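Close look at the chain arrangement
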Protein chains: 2
Amino acid sequence: MDKRPIGIFDSGVGGLTVVDKFFRLLPNERIVYLGDTARVPYGNKSKETVTRFSKEIIAFLLRFKVKLIVVACNTVSSLCLPALQKSCPVPVLGVIKPGVLEAVRASRTRRIGVIGTQATILSGVYKNEIKAVSKKAFVAQKACPLFVPLVENMWLNGEITLKIARQYLSPILAERIDSLVLGCTHYPLLKNVIRKIVGKNVTLVDSSEAVTKYAGLLLANRKLLAGAGSASARFFATDAQASFAELARVFLGKKIKAKKVIL
Amino acid sequence: MDKRPIGIFDSGVGGLTVVDKFFRLLPNERIVYLGDTARVPYGNKSKETVTRFSKEIIAFLLRFKVKLIVVACNTVSSLCLPALQKSCPVPVLGVIKPGVLEAVRASRTRRIGVIGTQATILSGVYKNEIKAVSKKAFVAQKACPLFVPLVENMWLNGEITLKIARQYLSPILAERIDSLVLGCTHYPLLKNVIRKIVGKNVTLVDSSEAVTKYAGLLLANRKLLAGAGSASARFFATDAQASFAELARVFLGKKIKAKKVIL
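Reference entry: report on the structure contained in this document.

What counts, and where the lines are drawn
- Residues numbered from 1 in each chain as written.
- Chains lettered and ligands numbered in written order.
- Predicted model: local features only at pLDDT ≥ 70, side-chain atom pairs only at ≥ 80, totals over all residues.
- Helix = DSSP H or I, 4+ residues; strand = E, 2+ residues; numbered from the N terminus.
- Rg over C-alpha atoms; globule rule 2.2 N^0.38 Å.
- Buried ≥ 20, exposed ≤ 12 C-beta atoms within 10 Å, placed from the backbone.
- Contact = placed C-beta atoms within 7 Å.
- Pairing = 2+ DSSP bridges.
- Axes fitted to C-alpha atoms, helices over the stretch in contact; angles between N-to-C directions.
- Least-squares fit on C-alpha atoms with pLDDT ≥ 70 in both.
- Parallel < 35°, antiparallel > 145°, perpendicular 65-115°, else oblique.
- Nonpolar A, V, L, I, M, F, W, Y, C, P; charged D, E, K, R; others polar.
- Arc of directions from axis to C-beta.
- Right-handed = clockwise from strand over helix to strand, strands pointing away.

Things to note about the overall build of chain A
Across its full length, chain A holds 11 helices and 10 strands. On C-alpha atoms alone, chain A measures out to a radius of gyration of 17 Å, which is about the 18 Å that the 2.2 N^0.38 rule sets for 263 residues. For chain A, the spread of C-alpha atoms along the three principal axes comes to 50 × 40 × 35 Å. Counting the 263 residues in chain A, one finds 54% classified as buried. If you take every contact in chain A between residues at least 6 apart in sequence, the share linking residues at least 24 apart comes to 77%.

Structural notes on the interface of chain B and chain A
Listed by partner, the interface residues are 15 residues for chain B and 15 residues for chain A. A total of 4 residues in the side of chain B that touches chain A trace back to one element, the largest contributor, which is helix α8 (residues 159-173) of chain B.

A look at unusual backbone geometry
Look at the link from A:Val40 to A:Pro41: it is a cis peptide, with omega at -5°. Assignment of secondary structure puts A:Pro41 in the loop between β2 (30-35) and α2 (47-62). In the Ramachandran plot, B:Lys65 falls in the positive-phi region, its phi being about 55° despite a non-glycine side chain. Topologically, B:Lys65 is positioned in the loop between α2 (47-62) and β3 (68-71). Residue B:Lys65 is classed as exposed on the basis of its 12 C-beta neighbours within 10 Å. With a phi angle near 60°, B:Met154 is a residue other than glycine that sits in the positive phi range. You can see B:Met154 is positioned in the loop between α7 (147-152) and α8. Among the residues examined, B:Met154 registers 12 C-beta atoms within 10 Å and is labelled exposed.

Side note on the sheet that holds strand β9 (residues 232-237) of chain B
Residues and elements named next belong to chain B. Ordered by their spatial adjacency, 6 strands build an open sheet running β4-β3-β1-β2-β9-β10, and the pairing between neighbours is parallel. For this open sheet the edge positions go to β4 (92-93) and β10 (258-260), each flanked by a neighbour on one side alone. Bridging between strand β1 (residues 6-10) and β3 involves 4 bridges; their strand directions are parallel. Paired with Ile6 across the two strands is Leu68, which belongs to β3. Running over the sheet, helix α11 (residues 241-252) touches β2 (30-35), β9 and β10 and is turned about 155° from β10.

Focus on the relation of the copies chain B and chain A
Between chain B and chain A, which share one sequence, the superposing operator has a rotation angle of 180° and an axial displacement of 0.0 Å; the RMSD is 0.0 Å. Those values place the two copies in the arrangement expected of a two-fold rotation axis. Ranked by how close their C-alpha atoms come to the rotation axis, the residues of chain B are headed by B:Arg39, at 2.2 Å. A shared binding surface is used by both copies, with 100% of the interface residues of chain B retained as interface residues in chain A.

Structural notes on the environment of A:Val211
Residues and elements named next belong to chain A. Relative to the helices and strands, Val211 resides in helix α10 (residues 207-221). A tally of 29 C-beta atoms within 10 Å means that Val211 is categorised as buried. Considered as a pair, Val211 and Gly94 are 117 residues apart in the sequence and their alpha carbons are 7.2 Å apart. Excluding anything up to four places from it in sequence, Val211 contacts Val18, Val70, Leu93, Val95 and Pro98.

Quick word on the packing of helix α4 (residues 96-106) of chain A against α10(A)
Residue and element names in this part refer to chain A. As a packed pair, α4 and α10 sit with axes 8 Å apart at the nearest point and diverge in direction by 105°. On the basis of the axis angle, α4 is roughly perpendicular to α10. The segment α4 lies against α10, with Pro98, Gly99 and Glu102 engaging Ser207, Ala210, Val211, Lys213 and Tyr214. Looking at the contact of α4 with α10, its residues break down into 4 nonpolar, 2 polar and 2 charged.

Here's the deal with helix α6 (residues 125-133) of chain A
Residues and elements named next belong to chain A. Listed in full, the buried residues belonging to α6 are Val125, Tyr126, Glu129 and Ile130. Mapping the buried residues of α6 onto a view down its axis gives an arc of 125°, with all of them on the same face. Turned more than 90 degrees away from the buried face of α6, the exposed residues are Asn128 and Ala132. In the core, the buried residues of α6 are packed alongside α3 (74-87), α4, β5 (111-116), α5 (118-123), β6 (138-143) and β7 (179-183).

Some remarks on the environment of A:Phe22
Residue and element names in this part refer to chain A. Within the secondary structure layout, Phe22 lies in helix α1 (residues 16-25). By C-beta crowding, Phe22 is classed as buried, having 25 other C-beta atoms within 10 Å. Distance from Phe22 to Ala215, taken between C-alpha atoms, is 9.1 Å for residues 193 residues apart in sequence. Not counting residues within four places of it along the chain, the set of residues in contact with Phe22 comprises Glu29, Ile31 and Thr212.

Focus: the sheet that holds strand β7 (residues 179-183) of chain B
Hydrogen bonds along the backbone pair up the strands of a sheet, which may run parallel or antiparallel. Residue and element names in this part refer to chain B. Taken in spatial order, the 4 strands of this open sheet run β6-β5-β7-β8, and their pairing is parallel. Every other strand in the sheet has two partners, leaving β6 (138-143) and β8 (203-206) as the edge strands with one partner each. The mean angle between the axes of side-by-side strands here comes to 20°, regardless of whether they run parallel or antiparallel. Across 5 bridges, strand β5 (residues 111-116) lies against β7 in parallel orientation. Paired with Ile115 across the bridge in β7 is Leu182.

Some thoughts on the pairing of β1(B)
Residues and elements named next belong to chain B. Counting buried residues in β1 gives 5 out of 5 residues, a clear majority hidden from the surface. In terms of strand pairing, β1 meets β2 through 5 bridges, oriented parallel. Bridge assignment links Ile8 to a residue of β2, and that residue is Tyr33. Viewed along the sheet, the connection from β1 through helix α1 (residues 16-25) into β2 turns out right-handed.

In structure tokens form, the structure reads like this:
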């Protein structure tokens, strides 16, 4: 048993979908979360800048003596995971690999769709990782840059959101995919709208759930799981803790308090 | 005649609408522009954070021995102009006051609409400044948080953008306004769509044009205008110069090169 906390971070509130899964699937763990709300979003920024920001965040999380760091952000995971793993003394887990394994498992036809931010899609990481696991897989990708602002502004349903989703998803649906990776931690909040468009025959792969299961296995294998009675959660934001906490209510379904930290 | 450059900054590319106006109206001036593309957008961030970022940018611009700083960002102008003016050795001009004067001049009925980012609208600065100039004015405000991502993704026309604009503008149109302040430097790029919705009887006030005229007057009054033959323009971005330059082509209608700088 290892009571040290797990550090989880994202550019903003999106990574709370991962925290939500941790609460459900690994309820004994202590969580330290940081959302970089002063510099959100990352999805349209460069590898160099996103790497610099991520290293600053990891340095902050390491102060809490974390046993594991979970990158709850597909953009960071796509752009610079190896660089972060190389410079960090504890394991760093990204969301891509778990999502890829889940998608390949879920797909019968090996025709897989991936949606994400501009940076995630342009990196080609999902495509490459899927093909590394399943050589014959066909991958249809699409960047959906307006999805994050829609979620951050709580336009989770309604005609406009549906129309935007249809515009983004139509070209990859035309490729007859049978599973779709939600390659951004904000996207699970748009599941209803996305489901309406893809229909019931396409499996939606939620990378936040996949990474949590993956983290559970890693912790179990290394005998690092926390025992009962350890659970706790601390939240930090680099800006506007109040609005962070407000959005967090939507992501987590409960009230939290966030502390401000300047990196 | 004063050949020192003018520093202009914004959270990203939006402020280039101001640079565009400078090129047209004050074509002899030397311009140094910085877009804080590593931390864009500002419109949903706190006063404290936006002030901190802005002071870092002004410190950078002062290295060029600028004679004037133009805050080409309504969010910064709304949240912290006095703080910036207080700590800066050269005049700092914001976009609010010039836009307000123009709007009051344009309005016959004194029923004025203002649209802007969340931070700009919540600050109430436009409303207060309009009422300071014209006591009996009625001001209808509306935050349009999806407009910036729409512009940044070049969704400048089309059905979805029109629908979003209609949703934002309908409540203030119902207040029978006769002029509308485009209170964000991104918004002039949505002029076509906005015009379709407000009709031809509402005057659109472009704060980028207003601030440029205002700067021209200030420079003339203080005998700080540059003479012929001085013109030049340098562009800096805190991230991804390539995509900055690409969007800049749309804003300025010509190719530019941008240098990266880390603040």
